[in-house]
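Read off the chains here:
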Amino acid sequence: MMSEVYGVRIQIGGIVQGVGFRPFVYGLAQRHGISGWVRNTSAGVEIEVDGSPAHLQAFMHALQEETPVLAQIDSFRCDDIPPSGFETFEIQASKPKAGAYQPISPDVSLCLDCRGELFDPTDRRYRYPFINCTNCGPRFTIIRDIPYDRPNTTMAAFEMCDDCRREYDDPLDRRYHAQPVACPECGPQIWLESDGSESSVGEQALQAARDVLRAGKILAVKGLGGFHLACDATNPKAVGTLRRRKLRVDKPFGLMAPDLATIEKEAHIGETEKRTLRSRQRPIVILRRQPGGAVAMAVAPGQSTLGFMLPYTPLHELLLEPAPDFPPVLVMTSGNLSEEPIVTGNLEARRRLEALADGFLMNDREIETRCDDSVIRIFRDGPYPLRRARGYAPRPLKLSWDLGQILATGAELKNAFCLVRGPYAFISHHIGDMENYETLQAFEQGIRHYEHIYNIRPDLVAYDLHPDYLATRYALERTRTESLRAVGVQHHHAHIAACMAEHGLQPGTRVIGLAFDGTGYGLDGTIWGGEVLVGGYASFERVMHLRPFRLPGGDLAVREPWRLGLALLEAAGCEAELDLPALEGIDMERRTVVRRQMAQGVNSPLTSSMGRLFDAVAALIGVRTHVNYEAQAAIELEALVDPDVQDGYPMLLCGEEIDYSPMVQALCEDTENGVEVGVMAARFHEAIVNLISECCRQLRTDQDLHDVVLSGGVWQNMILLERSVARLEAEGFRVFWHREVPANDGGLALGQALIAAAQVGALGK
Ligand code: ZN
Ligand code: ZN
Ligand code: FE
């Protein structure tokens, strides 16, 4: 007896295109004896099927349970329709829908199947550096337009050969509709250039490139989201040369090793670290350095950590293939001079990296969107992002609310912008420091690209209150020319709101926000950064803050923390201590000039910044008087902490003001008594943890607040983070820290968007 046949229409939203979703549906339909069709729309995937109730139920269950690895189902809608009498199951051509939008997959590291084929001598893609399939390969960085189809990617230039076409057209093949599919016959090729000439191609080029690295020279490698500069990380001379040419004095370099076993010889790795290193996002993971490793000290001077990643493209796998005479670990740092954006084009590489690299491992697949390597720390068995880029962007954060269409432009340094549409927050890849024309261009192009591919037309713009930020100027300019609504957002309020949004804290929630940061424009026009805020998305109150001290010389004080040291002594009423041993290297005359500058208030803005307090203390206890990159003094201070010291310097809470005078006093006595730097560093950290605990307990008593949110760049200090979270939890607080976006300004735009939405009433009360 024939069982009765029913019809169903299914609409699925989320990341369902370019991830093998239709062939997956096709396979399921075959397995469950279902007929009908599946197709991509610009809003997701649409399915119509006929089948018996039992078969349909099994089919729909499997759709949601066996989803392909890269897919992410955010909405699943299913309607009964009359059966259509389908006889087969087929994949139909895409059907665009006006105004709809589709999340796009980030770039994905080489999958295990492709890796197997890469090293299989019988496979037709044996040792082919651009092997990929539906489950892996480039996505975001090659997409020019939507829908995600080959002609709309930088792979359009390569016409598929018959073999590749056959795989591309076969729904049961792993490469069915894999847009970047290619082989040695038809796809991109590599070649090596040195001394301005093209010397070899293919496997020969690869081996010659390895010889460049073996010889301790610098190799520029075109990767997924830009060029890397690579060299032997175990060769101090090579690392030194790279530093000199790149004008990068001390800032640590990222590393790539062929496998976990190699990394384990250099650093401590826990299970979560392993999982993260091996994840398909393949970020740089910051690990605790192990003594006795082979990596040169010059890779990360003054730091107790190393940043490692595993190969994430087939080219990396081949380039790092272990051999007895080949370096076990490579420096893989972004291909740029100093703080410029990473180079992406071949011509540009020849021009801008000429003086930096001895050889160029080039290829002819173009990079549409520049994307840096992501950087992650592991905290409490989960990710704690420092830089969100390749592998993560542009995967959106699903919010708990529909916010309409918003653009938030972010901050000046470590910029990332955020575009919101409905419940999705598209947080951009790391754009960089907006200090040069190239980065500003990348920012503007990035916003246009995201607006285009996600079909977003913001009617609300959120921006930082700092009038000189280029991101702020951009926001105001657009607001004016397009007559959009605009909301200026206080920097530290945005930090706290970003972390709240990640955790889905409800509108109306009131939290204690510990916004500990380097810098941010305050409501009173001074520079804030050591702020205890109380509030939620819609509003906040600044309830406590560090006692302001001066930044003698403005930005110069950030580069020369000894100036901050003097300012802190002055603010703490410890001028008598000016002959501190740590300041011996600074001659008396310069010290006098700075003191006069502060007394007269000349170019000496006030700040309540916690980041600058760390810098100042680092200077006073002798960590360093000058820095070569932002927060270097604070980072080295953290690395010096003696873990056995439990006591902290005294701090005073006087109403709204946090007074560090007793701490500075005690610290000066310690330096005079020759107490070890590690002990002083520990006592300072402990002082801040004690202070945090006191502030929060007082706010719990006074205002019945129990939730504490940690955000701002200072929270990249892991000792401070670990100890503060442990203390606050022990005292019964619920503590929230970042998991999705960085605590630094890279996460700011998300908070700006939420606050703007709340202030115009788009977030409820
Ligand atoms: Zn693959
Ligand atoms: Zn081919
Ligand atoms: Fe900030």
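To start, this report covers the structure provided alongside it. (Residues numbered from 1 in each chain as written. Chains lettered and ligands numbered in written order. Predicted model: local features only at pLDDT ≥ 70, side-chain atom pairs only at ≥ 80, totals over all residues. Heavy atoms only, no water.)

1. Some thoughts on the pairing of strand β13 (residues 305-309)
Among the five residues in β13, five count as buried, and that is most of the element. Here β13 shows two buried faces, one formed by Thr305, Gly307 and Met309 and the other by Leu306 and Phe308. Of the strand pairs in this sheet, strand β10 (residues 254-256) and β13 are connected by three bridges, and their pairing is parallel. When the bridges of β13 are listed, Gly254 appears paired with Gly307. (Buried < 20%, exposed > 50% of the residue type's maximum accessible area, 1.4 Å probe, protein only. Helix = DSSP H or I, 4+ residues; strand = E, 2+ residues; numbered from the N terminus. Pairing = 2+ DSSP bridges.)

2. Description of the coordination of the iron ion (ligand 3)
Distances from the iron ion (ligand 3) to its protein donors, His491 (NE2), His495 (NE2), Asp517 (OD) and Asp745 (OD), fall within 2.0 to 2.2 Å. Coordination at the iron ion (ligand 3) is irregular: its four donor atoms span angles of 88 to 171 degrees at the metal. (Donors = N, O, S within 2.8 Å, 3.2 Å for Na, K, Ca; no water. Tetrahedral: all angles 85-135°; square planar, octahedral: opposite > 155°, others 65-115°.)

3. Details of the coordination of the zinc ion (ligand 2)
With distances of 2.2 to 2.3 Å, the protein atoms coordinating the zinc ion (ligand 2) are Cys161 (SG), Cys164 (SG), Cys183 (SG) and Cys186 (SG). One can describe the site at the zinc ion (ligand 2) as tetrahedral: its four donor atoms subtend angles covering 103 to 116 degrees at the metal. Donor residues for the zinc ion (ligand 2), ordered by position in the chain, follow C-x2-C-x18-C-x2-C. Grouping residues by exposure puts Cys183 and Cys186 together as buried.

4. With respect to the pattern of salt bridges
Two side chains carrying opposite charge are able to pair once their charged atoms lie near each other. For the coordinates displayed, the defined rule picks out 46 salt bridges. Among the ionic pairs, Glu193 bridges to Arg350, the shortest N-O distance being 2.8 Å. With Glu193 in strand β6 (residues 190-194) and Arg350 in helix α10 (residues 346-352), this pair connects stretches of sequence that are 157 residues apart. Residue classification places Arg350 among the partly exposed positions, given a relative accessible area of 30%. The residue Glu686 makes a salt bridge to Arg727 at a minimum N-O spacing of 3.0 Å. With Glu686 in helix α20 (residues 677-703) and Arg727 in helix α21 (residues 718-730), this pair connects stretches of sequence that are 41 residues apart. Overall, the relative accessible area of 24% leaves Arg727 in the partly exposed class. By sharing partners, the salt bridges in this structure join Asp113, Glu117, Arg174 and Arg175 into a single network. (Salt bridge = Lys/Arg side-chain N within 4 Å of Asp/Glu carboxyl O.)

5. Overview of the pairing of strand β9 (residues 227-232)
If a strand is regular, its side chains alternate between the two faces of the sheet. Along β9, six of the six residues are buried, which leaves the element largely enclosed by surrounding structure. In the sheet, β9 pairs with strand β14 (residues 330-334) via five bridges, with the strands oriented antiparallel. Following the sheet pairing, Asp232 is matched in β14 by Leu330.

6. Re the sheet that holds strand β31 (residues 707-711)
Remark on secondary structure: sheet strands pair via backbone hydrogen bonds, oriented parallel or antiparallel. With mixed pairing, seven strands are arranged side by side in an open sheet as β29-β30-β26-β25-β24-β31-β32. Only two strands of the sheet have a single neighbouring strand rather than two, namely β29 (652-654) and β32 (734-736). Taken over all neighbouring pairs, the strand axes of this sheet differ in orientation by 20 degrees on average, direction set aside. In this structure, strand β24 (residues 511-516) lies alongside β31, joined through four bridges in parallel fashion. The residue of β31 that forms the bridge with Leu514 is Leu710. Along the sheet face, helix α13 (residues 491-502) touches β24, β25 (530-535), β26 (540-546), β31 and β32 and points at about 115 degrees away from the line of β31. (Axes fitted to C-alpha atoms, helices over the stretch in contact; angles between N-to-C directions. Contact = heavy atoms within 4.5 Å.)

7. Digging into the nonpolar core
Membership of the largest hydrophobic core comes to 80 residues, with the highest contact counts inside it found for Leu514, Leu613, Tyr660, Met663, Ile688 and Trp715. Tallying contributions element by element places α20 first for this core, with 13 residues. Look past the residues within four positions of Tyr660 in its chain and what remains in contact with it is Leu546, Arg547, Pro548, Phe549, Leu568, Ala571, Ala572, Leu613 and Met651. Membership of the second largest hydrophobic core comes to 67 residues, among which are Phe59, Phe158, Tyr176 and Met256. (Core = buried A, V, L, I, M, F, W, Y, C linked by side-chain atoms within 4.5 Å.)

8. Here we look at the packing of aromatic side chains
One pass over the structure, following the stated rule, counts 16 aromatic pairs. With 6.0 Å between their ring centres and 85 degrees between their planes, Phe549 and Tyr660 make a pair best called edge-to-face. Here Phe549, found in strand β27 (residues 549-550), pairs with Tyr660, found in the loop between β30 (657-659) and α19 (661-672); they are 111 residues apart in sequence, far enough to count as distant. In this structure, Arg210 is placed above the aromatic ring of Phe326, and the distance from its NZ or CZ to the ring centre is 4.0 Å. Across from the ring centre of Phe733, 4.0 Å away, lies the NZ or CZ of Arg700, which sits over that ring. (Phe/Tyr/Trp six-rings, centres within 6.5 Å; stacked < 30°, edge-to-face > 60°. Lys NZ or Arg CZ within 6 Å of the ring centre and 35° of its normal.)

9. Details of the environment of Asn152
Here Asn152 lies in the loop between α3 (112-118) and α4 (162-169). Put simply, Asn152 and Arg350 are 198 residues apart on the chain and 27 Å apart in space, counted from C-alpha to C-alpha. Leaving out residues up to four positions away in the same chain, Asn152 has contacts with Ile142, Ile143, Arg144, Asp145, Ile146 and Pro147.

10. Re the sheet that holds strand β2 (residues 35-41)
Taken together, five strands build an open sheet; the order of strands is β4-β1-β3-β2-β5 and the sheet is mixed. Unpaired on one side and paired on the other, β4 (72-81) and β5 (89-91) mark the two borders of the sheet. Each strand axis lies, on average, 15 degrees off the axis of its neighbour in the sheet, ignoring direction. Relative to strand β3 (residues 44-51), β2 runs antiparallel, the two sharing seven bridges. Counterpart to Val38 in the pairing with β3 is Ile47.

11. What about the packing of helix α15 (residues 561-571) against helix α17 (residues 610-620)?
Two elements in contact, α15 and α17, have axes whose closest approach is 7 Å; the angle formed by their N-to-C orientations is 95 degrees. One element, α15, and the other, α17, form an angle in the roughly perpendicular class. Each of Pro561, Trp562, Leu564, Gly565, Leu568 and Leu569 in α15 lies in contact with α17, whose residues at this interface are Arg612, Leu613, Asp615, Ala616, Val617, Ala619 and Leu620. In terms of residue class, the contact of α15 with α17 is built from ten nonpolar, one polar and two charged. (Parallel < 35°, antiparallel > 145°, perpendicular 65-115°, else oblique. Nonpolar A, V, L, I, M, F, W, Y, C, P; charged D, E, K, R; others polar.)

12. With respect to the side chain of Thr272
Position of Thr272 relative to the elements: it lies in helix α8 (residues 271-278). In this structure Thr272 comes out as buried when scored by relative accessible area, which is 6%. Ignoring sequence-local partners within four residues, the contact set of Thr272 consists of Ile378, Asp381 and Gly382.

13. Considering the environment of Glu412
Following the sequence through the fold, Glu412 ends up in the loop between β19 (405-408) and β20 (418-421). Since its relative accessible area comes to 16%, Glu412 is described here as buried. C-alpha separation for the pair Glu412 and Ile431, spaced 19 residues apart in sequence, amounts to 10.0 Å. Not counting the four nearest positions on each side in its chain, Glu412 is found in contact with Gly432, Asp433, Met434, Asp468, Tyr469, Leu470 and Ala471. One polar contact links the side chain of Glu412 to the main-chain amide nitrogen of Leu470, over a distance of 3.0 Å. (Polar contact = N/O pair within 3.5 Å; in protein donor to acceptor, adjacent residues only side chain to side chain.)

14. Quick notes on the state of the cysteines
The full count for this structure, using the stated rule, is zero disulfides. Of all cysteine sulfurs, the one in Cys695 lies closest to Cys696, which takes part in no disulfide; the gap is 6.5 Å. (Disulfide = S-S within 2.5 Å.)

15. Digging into empty space enclosed by the protein
In this structure the tally under the stated criterion is three cavities of 30 Å³ or more. Roughly 210 Å³ of internal volume is contained in the largest cavity. Lining the largest cavity are 23 residues, and of these Pro129, Phe130, Leu224, Thr313 and Arg365 sit closest to its centre. With three residues, helix α9 (residues 314-319) is the largest single contributor of residues to the lining of the largest cavity. (1 Å grid on protein atoms, 1.4 Å probe; cavity = no way out; pocket = protein on both sides within 12 Å on 5 of 7 lines; lining within 4 Å. Points joined across faces, edges and corners; volume = space filled by probe spheres on them.)

16. Description of helix α18 (residues 632-640)
For α18, the set of buried residues is Gln632, Ala633, Ala634, Glu636, Leu637 and Glu638. The inward-facing, buried residues of α18 contact α15, α17, α20 and α21.

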